Each structure stands twice: as C-alpha cells, then as structure tokens.
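Examination of the molecular architecture
Given next are the chains, with one letter for each unit.
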Amino acid sequence: QVQLVESGGGLVQPGGSLRLSCAASGIMFRIGTMGWYRQAPGKQRELVAGITIGGSTNYADSVKGRFTISRDNAKKTVYLQMNSLKPEDTAVYYCRGALTILASEGPNDYWGQGTQVTVSS
C-alpha cells in the first residue's frame, strides 16, 4: 500500500525552527513533484512549498527566506526546514505527492495525514 507519512511537527516558540519529513512507503515506479501544504483553523489549505523531481523549488511569499524544501530520492523523502517561525505559521501541515505506481501508468495524487505545527510562547 502506497502512502505518505509526515513527521516532525510539534510546539515551538516564535523564532524557533522545526524540520518536517514526509516519507513515501510502498512500491512505486517514480516520485514526481512533491509539495507541502498547510491549513490553519478557519482557512483554506494553501501551498507552502513545492519541489520537482529535478529539484526546482517554489515557495509561498509568506515563507520565502524562512522555509526550505528539499528531497532525498534514494530515501523517498521530502523535507521542509522551517526557520524563524511565526505564530501565523501555526497550522496542520500536509505532504502531497505525484506518485507513479506502475511504469505503464501516469501519476496519481497522494496526501499524507498531516502533522500539527504550533508556534506559540
């Protein structure tokens, strides 16, 4: 069974750092574009950062210069390093991936279960 599993969330003080991980498990042919999204209470889910299979990245304006997305294809894992965290970064963070299970098929969209990040003093 293919799935994405996030880890690394928690409670951190303003100005602190956290590193989120998203590991793909199961047998698959290719892991394509991966992304981190977040959803704060009462708000819509939004894209935080994305990374292509070739390593090209994009970020939401609100996190540029503070967050860094990276991937380790050998470990089938994508990371989100979050520095200089602010209370407004508080949200459930979700991993999303375009995973190709069979070489003869196209990619399918997978989401992780989410991990809570709370920035508070």
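See above for the structure.
Note that the structure is a prediction, hence the values are computed from the model and not measured.

So, how was this worked out
Residues numbered from 1 in each chain as written. Predicted model: local features only at pLDDT ≥ 70, side-chain atom pairs only at ≥ 80, totals over all residues. Heavy atoms only, no water. Pairing = 2+ DSSP bridges. Helix = DSSP H or I, 4+ residues; strand = E, 2+ residues; numbered from the N terminus. Axes fitted to C-alpha atoms, helices over the stretch in contact; angles between N-to-C directions. Buried < 20%, exposed > 50% of the residue type's maximum accessible area, 1.4 Å probe, protein only. Polar contact = N/O pair within 3.5 Å; in protein donor to acceptor, adjacent residues only side chain to side chain. Contact = heavy atoms within 4.5 Å. Core = buried A, V, L, I, M, F, W, Y, C linked by side-chain atoms within 4.5 Å.

1. A few points about the sheet that holds strand 3 (residues 18-25)
- Taking strand neighbours across the sheet as the criterion, the four strands line up as 1-3-8-7 in an open arrangement whose pairing is antiparallel. Across the chains shown, the open sheet's two edge strands, defined by having one partner strand only, are strand 1 (3-7) and strand 7 (67-72). Strand-to-strand, the axes of this sheet are offset by a mean angle of 15°, without reference to chain direction.
- Where strand 1 meets strand 3, five bridges bridge the pair, whose relative direction is antiparallel. By the bridge assignment, Glu-6 is partnered in strand 3 with Cys-22.

2. Looking at the side chain of Asp-89
- Within the secondary structure, Asp-89 is located in the loop between strand 8 (77-82) and strand 9 (91-100).
- Owing to a relative accessible area of 0%, Asp-89 belongs among the buried residues under this scheme.
- A distance of 2.9 Å separates the side chain of Asp-89 from the side chain of Arg-38, its partner in a polar contact.
- Beyond its immediate stretch of four places on either side in the chain, Asp-89 contacts Arg-38, Arg-66, Phe-67, Ser-84, Val-117 and Val-119.

3. Looking at the nonpolar core
- The biggest cluster of nonpolar side chains holds 29 residues, and the ones touching the most others in it are Met-34, Trp-36, Leu-80, Met-82 and Tyr-93.
- Broken down by secondary-structure element, the contributors of at least two residues to this core are strand 3, strand 4 (30-39), strand 5 (46-51), strand 7, strand 8, strand 9 and strand 11 (115-119).

4. Notes on unusual backbone geometry
- Phi is positive for Lys-76, which is not a glycine, with a value near 55°.
- For Lys-76, the location among the structural elements is in the loop between strand 7 and strand 8.
- Residue class for Lys-76 comes out partly exposed when judged on its relative accessible area of 31%.
- For Ser-84, which is not glycine, the phi torsion reads 50° and is therefore positive.
- Relative to the helices and strands, Ser-84 resides in the loop between strand 8 and strand 9.

5. Let's talk about the pairing of strand 8
- For strand 8, the tally of buried residues reaches five of six residues, placing the bulk of the element in the interior.
- Judged from the six bridges that link them, strand 3 and strand 8 form a sheet pairing that is antiparallel. Bridge assignment links Leu-20 to a residue of strand 8, and that residue is Leu-80.
- Sheet analysis places strand 7 next to strand 8, joined by six bridges and oriented antiparallel. Among the inter-strand pairings, Thr-68 is bridged to a residue of strand 8, identified as Gln-81.

These values are about where atoms sit, not about what they do.
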